[in-house]
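Chain residues, written in single-letter form:
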Amino acid sequence: VQLVESGGGLVQPGGSLRLSCAASGFTFSSYDMAWYRQAPGKEREMVATISSSGGLTKYADSVKGRFTISRDNAKNTVYLQMNSLKPDDTAMYYCFAKRFWTYWGQGTQITISS
């Protein structure tokens, strides 16, 4: 099983990034997916979730209206479009898969700074 995140980097406040998470080794279309993040000295927190079909999404209050989670089951990939980025969005972002078992990606660093 692999979850491989990509798309992280350094962005100025107000900028945008799109994260991707490529999944393999399990039946991606059967799993709910999510993005979590962890900033230095803080607990890991849920950012956004999406149901296996993509029909149901949920967001942390701190990112509502700015982030959009989506998935392409044909490509075994989940995305996180992040707009209007703020310094408080700086964190390691992790991809997460859940059904009977749970899987984590290795994370990708997002740094928001001028």
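If you're wondering where the values come from, they're calculated on a predicted model, not measured in any experiment.

Rules used throughout
Residues numbered from 1 in each chain as written. Predicted model: local features only at pLDDT ≥ 70, side-chain atom pairs only at ≥ 80, totals over all residues. Heavy atoms only, no water. Salt bridge = Lys/Arg side-chain N within 4 Å of Asp/Glu carboxyl O. Buried < 20%, exposed > 50% of the residue type's maximum accessible area, 1.4 Å probe, protein only. Helix = DSSP H or I, 4+ residues; strand = E, 2+ residues; numbered from the N terminus. Pairing = 2+ DSSP bridges. Axes fitted to C-alpha atoms, helices over the stretch in contact; angles between N-to-C directions. Contact = heavy atoms within 4.5 Å. Core = buried A, V, L, I, M, F, W, Y, C linked by side-chain atoms within 4.5 Å.

A. Broad picture of the pattern of salt bridges. One pass over the full model with this rule turns up four salt bridges. Linking Glu-45 and Arg-37 is a salt bridge whose minimum nitrogen-to-oxygen distance equals 2.7 Å. Residue Glu-45 is classed as partly exposed on the basis of its relative accessible area, which comes to 34%. We note a salt bridge from Arg-66 to Asp-89, for which the minimum N-O separation is 2.7 Å. Of this pair, Arg-66 sits in the loop between strand 6 (57-59) and strand 7 (67-72) while Asp-89 sits in the loop between strand 8 (77-82) and strand 9 (91-98), and the two are 23 residues apart along the sequence. The class for Arg-66 is buried, based on a relative accessible area of 10%. Within this structure, Arg-37, Glu-45, Arg-66 and Asp-89 form a network of salt bridges that share partners.

B. Geometry of the sheet that holds strand 8. Spatially, 1-3-8-7 is the arrangement adopted by the four strands of the open sheet, whose pairing is antiparallel. Each having just a single partner strand, strand 1 (2-6) and strand 7 make up the two edges of the open sheet. Within this sheet the neighbouring strands show an average axis-to-axis angle of 15°, counted without direction. In this sheet, strand 8 lies alongside strand 7 in antiparallel orientation, the contact comprising six bridges. Pairing of Ile-69 across the sheet is with Leu-80, part of strand 8.

C. Representation of the environment of Gln-12 within the structure. If you trace the backbone, Gln-12 turns up in the loop between strand 2 (9-11) and strand 3 (17-24). Residue Gln-12 is classed as exposed on the basis of its relative accessible area, which comes to 54%. As a C-alpha pair, Gln-12 and Thr-77 span 65 residues in sequence and 26 Å in three-dimensional space. Residues contacting Gln-12, with those up to four places away along its chain left out, are Ile-112, Ser-113 and Ser-114.

D. Molecular detail of the environment of Phe-26. Relative to the helices and strands, Phe-26 is located in the loop between strand 3 and strand 4 (32-38). Between the C-alpha atoms of Phe-26 and Tyr-103, which are 77 residues apart in sequence, the distance is 9.9 Å. For Phe-26, the contacting residues outside a window of four places in its chain are Val-1, Gln-2, Leu-3, Tyr-31, Ala-97 and Tyr-103.

E. Region of the structure containing the nonpolar core. Grouped together as the largest cluster of nonpolar side chains are 31 residues, with contacts concentrated most on Leu-3, Met-33, Trp-35, Val-78, Leu-80, Met-82 and Tyr-93. Taken together, the elements giving at least two residues each to this core come down to strand 3, strand 4, strand 5 (45-50), strand 7, strand 8, strand 9 and strand 11 (108-112). Those residues in contact with Met-33 that lie beyond four places of it in its chain are Leu-3, Phe-28, Ala-48, Thr-49, Ile-50, Ile-69, Arg-71, Val-78, Cys-95, Phe-96 and Ala-97.

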